[in-house]
Amino acid sequence: MTAPEPMKDAPHVASVLRLASGMQRSAAIVTAVVAVIALVVAFLLRGVPGLVGALVGAVIAGGLGWLGTWVMARTARATPAGVMIGAMTAFGVKILFMLVFLLLFQGTTLFDSRTFAFTMLAVTASWIVGEVVGFVRTRIPAVDL
């Protein structure tokens, strides 16, 4: 009796893993640059409360951005529909987390709300741009004919 041959991954698995890695790497680089700029600007304009607000916004937005590509990599061995379900679930979790966070810290004096909001917006936009750049640079066809 011989040992069973290990199952081979479906054709899409390698592509999804490569895309997730490339998107995450590119997004992290762009986001780190934007976050540092936001921290400096927030400190110069609003002092320590601005710095704290920008730091909280950058960490939350960066973490939530990272969650999407992490889920993409973790669900890569599922069917393509399973990968999409994972991505949509991650998106829902991001929105729910932000809603709860904003409700809990509404009117807070722990940090400057304006620098928090602008930093979160800038970091989220930079993460998305970084993901797009990473996706394009991997040069994997999105449609296989």
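Every chain is numbered on its own, with residues counted from 1 as its sequence reads. The predicted nature of this model means local features are confined to residues of pLDDT at least 70 and side-chain atom pairs, given and counted, to a pLDDT of 80 or more, with totals for whole chains, interfaces and linings taken over all residues. Working from all heavy atoms in the structure, the side-chain values ignore hydrogens and water.

(A) Summary view of the UniProt feature "transmembrane region" (unreviewed entry) in the chain. UniProt positions are given in the numbering used here, feature names are shortened, and annotations may be inferred rather than shown by experiment. In the numbering used here, UniProt assigns the feature "transmembrane region" (unreviewed entry) to residues 27-45, 51-71, 83-104 and 116-136. Put simply, DSSP marks the helices as runs of H or I at least four residues long and the strands as runs of E at least two long, and each gets a number from the N terminus on. Between the end C-alpha atoms of residues 51-71 the distance is 30 Å, and the span holds 100% helix and 0% strand. Between the C-alpha atoms that bound residues 83-104 there is a distance of 31 Å. The span itself is 100% helix and 0% strand.

(B) How the structure looks around the pattern of salt bridges. We count a salt bridge whenever a side-chain nitrogen from Lys or Arg sits within 4 Å of a carboxyl oxygen from Asp or Glu. Counting across every chain of the model gives 1 salt bridge. Note that Asp 112 and Arg 46 form a salt bridge whose closest N and O atoms lie 3.7 Å from each other. Here Asp 112, found in the loop between helix H2 (80-104) and helix H3 (113-138), pairs with Arg 46, found in helix H1 (residues 11-74); they are 66 residues apart in sequence, far enough to count as distant.

(C) Representation of the packing of H1 against H2 in the model. Following both chains from N to C, one finds H1 and H2 inclined at 15°, their axes separated by 12 Å at the closest point. Considering the angle they form, H1 stands roughly parallel to H2. Of the two possible hands of crossing, H1 and H2 adopt the one that is right-handed. Residues His 12, Val 16, Val 56, Ile 60, Leu 64, Gly 65, Leu 67, Gly 68 and Val 71 of H1 form the contact with H2, whose own contacting residues are Pro 80, Val 83, Gly 86, Ala 87, Ala 90, Val 93, Lys 94, Phe 97, Met 98 and Phe 101. Residue polarity is assigned by list, with Asp, Glu, Lys and Arg as charged and Ala, Val, Leu, Ile, Met, Phe, Trp, Tyr, Cys and Pro as nonpolar; anything else, Gly included, falls into the polar class. Across the contact of H1 with H2, the residue classes tally to 14 nonpolar, 4 polar and 1 charged. Axis geometry follows a simple rule: fit a line to the C-alpha atoms, using only the stretch in contact for helices, then measure angles between N-to-C directions, giving values from 0 to 180 degrees. Here roughly perpendicular refers to angles of 65 to 115 degrees, roughly parallel to angles under 35, roughly antiparallel to angles over 145, and oblique to all remaining angles. What makes a crossing left-handed is the near helix being turned counterclockwise from the far one by less than a right angle; a clockwise turn instead makes it right-handed. Should any heavy atoms of two residues lie within 4.5 Å, those residues are counted as being in contact.

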